[in-house]
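# Geometric and topological summary
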Amino acid sequence: EQMDMDIGSYLRSERISTAPYTTLTKLLEKWGTIQPDREAIVCYSHDGTRTSITYGKFYNDAVKLAKGLICIGVKGGDYVGIGGNNTPEWMVGTYGVLFAKACPVYFPFHDKSGDGIKRTLTKVGGCKAILFDPGLGDSHWEVMQRIAQVDQNTGGVLQSDIPALKWLIALSPIGSHEGFPTIASIFCDDNTELPEIDPEDKAAVLQTSGSTGFPKVVEKTHYEFVKYGEDYAFLLDVDIKKDSGTIYYNDRPFFWQGGYPGFVMVVGGTRVTQKTTLALSSYSEIVQFTKTIIHKEKPDCGFFVVPFYLEMTGSEDFLWKFRSVIVSGQPIPPICFEGKGKVYDAFSALYGSTEAGMIAGKIYRSSEPRGDEIIGMLPLAGMELKVVGKDGFVVPRGSKGELYIRSSPQFKGYLNDPEKTAIVLDSSGWYKADDFCKINSAGHLEVLGRVSDVMQISGNKITPSFIEAYVKRHPDVMEVVVFAIKDQSHADDVPCAAVVRVDGSTLTEESLREFIKRELNITEDAKFTENVYVPRHIVFLNDLPRTSTGKSDRKAVKNMCLPKT
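This report concerns the structure included in the present document. Only a predicted model underlies this, so the values are computations on that prediction, with no experimental measurement involved.

Okay, the overall build of the chain next. Check the secondary structure of the chain and you find 14 helices and 28 strands. Out of the 565 residues belonging to the chain, those deemed buried represent 60%. Within the chain, residue pairs in contact and separated by at least 24 positions form 65% of the contacts whose partners lie at least 6 positions apart. Counting only carbon and sulfur atoms, one obtains 50% of the accessible surface of the chain, whose full area is about 22300 Å². Across the chain, the 63 positively charged side chains and the 72 negatively charged ones have centroids separated by 2 Å.

For the rest of this paragraph, the subject is the state of the cysteines. Throughout this description, disulfide means a covalent bond between two cysteine sulfur atoms. Scanning the entire structure with this criterion turns up 0 disulfides. Take Cys-188: it sits in no disulfide, and the sulfur closest to it among the cysteines is that of Cys-71, at 4.1 Å. Cys-188 sits in the buried class, given a relative accessible area of 13%. Cys-496 takes part in no disulfide bond, and the closest cysteine sulfur to it belongs to Cys-561, at a distance of 8.4 Å.

Quick look at unusual backbone geometry now. Of all residues except glycine, most have a negative phi; of all peptide bonds, most are trans. Across the junction of Ser-408 and Pro-409, the peptide omega takes the value 0°, indicating a cis bond. As for its placement among the helices and strands, Pro-409 is situated in the loop between β21 (400-407) and α10 (418-424). A positive phi angle is found at Asp-237, which is not glycine, with a value near 60°. Along the chain, the position of Asp-237 falls in the loop between α6 (222-235) and β13 (247-250).

Turning our eyes to something else, we now look at a nonpolar patch on the surface. A contiguous nonpolar patch, built from Phe-436, Leu-448 and Val-451 and spanning about 230 Å² of accessible area, is present on the exposed surface. The topology assignment puts Phe-436 in strand β22 (residues 431-439). Since its relative accessible area comes to 35%, Phe-436 is described here as partly exposed.

Of note, Phe-515 is situated in helix α12 (residues 509-519). Taking the C-alpha atoms as reference, Phe-515 lies 9.7 Å from Val-534; in sequence the two are 19 residues apart. Ignoring anything within four residues of it in the chain, the contact list for Phe-515 reads Tyr-470, Arg-473 and His-474.

Following the criterion strictly, the structure yields 28 salt bridges and no others. A network of salt bridges, in which partner residues are shared, links Glu-39, Arg-50 and Glu-297.

Strands sit in the order β26-β27-β28 across an open sheet of 3 strands; the sheet is mixed. The open sheet has two free edges, formed respectively by β26 (477-487) and β28 (537-540), since each of these has just one partner strand. Across the sheet, the mean angle separating the axes of adjacent strands is 25° when strand polarity is ignored. Looking at chain direction, strand β27 (residues 492-501) and β28 are connected through 4 bridges and run parallel. For Cys-496, the partnering residue across the bridge sits in β28 and is His-537.

So, on to the sheet that holds strand β17 (residues 344-353). With mixed pairing, the 9 strands of this open sheet are ordered in space as β4-β3-β14-β13-β15-β16-β17-β18-β19. Sheet topology places β4 (50-54) and β19 (378-379) at the edges, where each strand pairs with a single neighbour. As judged from the 5 bridges shared by strand β15 (residues 301-305) and strand β16 (residues 322-328), these two strands associate in the parallel manner. Bridged to Val-305 within β16 is Ser-328. Each of β3 (39-44) and β4 touches helix α3 (residues 88-99); the most contacted strand, β4, lies at about 30° to it.

Right, let's talk about the packing of helix α2 (residues 55-71) against α3 for a bit. The relative placement of two packed helices is expressed as an angle between their axes plus a distance between the axes. At a closest axis distance of 7 Å, the pairing of α2 and α3 adopts a crossing angle of 55°. As the angle between them shows, α2 and α3 are arranged oblique. Where α2 crosses over α3, the two elements pack in a sense that is right-handed. Contact residues: α2 offers Phe-58, Tyr-59, Asp-61, Ala-62, Val-63, Leu-65, Ala-66 and Leu-69, while α3 offers Met-91, Val-92, Gly-93, Tyr-95, Gly-96, Val-97 and Phe-99.

Before going further, it helps to examine the pairing of strand β6 (residues 103-107). Within β6, 5 of the 5 residues are buried, which leaves it mostly tucked inside the rest of the structure. Burial along β6 is two-sided: the residues Cys-103, Val-105 and Phe-107 and Pro-104 and Tyr-106 are all buried. In terms of strand pairing, strand β5 (residues 79-83) meets β6 through 5 bridges, oriented parallel. The residue of β6 that forms the bridge with Ile-82 is Tyr-106. Each parallel crossover has a hand, and for β5 linked through α3 to β6 it is right-handed.

Rules behind the numbers
- Residues numbered from 1 in each chain as written.
- Predicted model: local features only at pLDDT ≥ 70, side-chain atom pairs only at ≥ 80, totals over all residues.
- Heavy atoms only, no water.
- Helix = DSSP H or I, 4+ residues; strand = E, 2+ residues; numbered from the N terminus.
- Buried < 20%, exposed > 50% of the residue type's maximum accessible area, 1.4 Å probe, protein only.
- Contact = heavy atoms within 4.5 Å.
- Areas by Shrake-Rupley, 256 points an atom, 1.4 Å probe, with all protein chains shown as cover.
- Lys, Arg positive; Asp, Glu negative; His and termini not counted.
- Charge placed at Lys NZ, Arg CZ, Asp CG, Glu CD.
- Disulfide = S-S within 2.5 Å.
- Patch = residues over 30% accessible without salt bridge, like charges linked within 9 Å, V, L, I, M, F, W, Y side chains within 5 Å.
- Salt bridge = Lys/Arg side-chain N within 4 Å of Asp/Glu carboxyl O.
- Pairing = 2+ DSSP bridges.
- Axes fitted to C-alpha atoms, helices over the stretch in contact; angles between N-to-C directions.
- Parallel < 35°, antiparallel > 145°, perpendicular 65-115°, else oblique.
- Left-handed = near helix turned anticlockwise from the far one by under 90°.
- Right-handed = clockwise from strand over helix to strand, strands pointing away.

The structure is reproduced here in structure tokens:
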């Protein structure tokens, strides 16, 4: 259909992308001019509050913010940190930075110390300002105060460990400090000239899953995001030249590659989203709220990660039928096909990564007969794929191995991290994906799981070492090994922990979980984070099994603990 087949496990897309060679800012200018009254973004808070912004206001506010940023010293080539939930203000902040020819560096509020944010922004370097969402009860503002001492009347940074940081600016008003500057307060509507922007200019710095415990960072250009938007359009059966009225549901965070609002900017559609799914405490609560939004907004298309898609489509009271959906986030089970003709007319599987972008996908239409029971995928435009064995050579068709990817535009490596880049990227441009795959006899890619021990939880890629670092902070924990078990109902990983306590400790599962939640700053607007980062089962052991080199044997620990979970 769109590939070059050979006897070995190699695929190359023959499809040519129809993405326009342009910038995100040019696209916003286009839609803000020709359809100023169309809603660009619709956001729902967990209390049901609906907020939105039209393309006209979005464009005008972003231009005024860009001029304001330039007036306070932000210039082309600078980096600007942006942290917060899915809101219209986040979008205005991002595009204001882009119109100033600066580059957003996105970060989440995972821990209350702010150490992760400082680590990321310091690694990137040249971060002139931070735009932040204050958070529920000003919880994010509290984190910001640990990152920098700031003049609360001007937003000027008085002291910070982040080099070059000059400004903190809130995306929306801070409840406890009404006079603190917001992006609206620095809007400038004068004749300040905006710089010209090229499609190859940097448009974002995204964080990876952090396979060594801390996230790595990857730069993306304007054109890369435009191409990803066209990839989505292709998989959603949307004509980018005709379907500007498309309503699209995707509740993934804007700062994730899978949630970045590139698709609607390419087609000029409306993105419907949730401010944060983390404010709800369980799959069922999130899905119930999602169904309510979908029934109200009636989107044409949707993007879902596997666990939420299965929970939603398994509900008897889900009464909407999409024209098309994309399901992604982890190996996709064939049970997803059960919504054929009822939940969707076209179903697309998508496989991607922060490093290589949108890698492979395939459309399965309700009108077409389907005889296979495997969800396979084909390389998307500009992609080459090969499956390699332990000897470093391409394996025969049908054999399993590790996936290598070469792309156009090409992944050039992790920003300011040549050592980690060298581990995953060879001299020929092949990126080592760390995913266990095979190319079947039909020439389709099947993603079977991770080569390493990275866990897939609600669309997040979480390393055991990340969770272990928080467990180890408890003074009564001597050793810990985190592992995953599979939740068959959601096809999702569940984090579990084996813990060795210090002598004489009476530490309990519940008290350790509460400690981890406090360390992770799990607040009311991020309750679902508990399912991602806090071990559901904790088993206390007297000692951990070891490998021959003396390291903890994760596989043996898991086998030992399984009967107790």
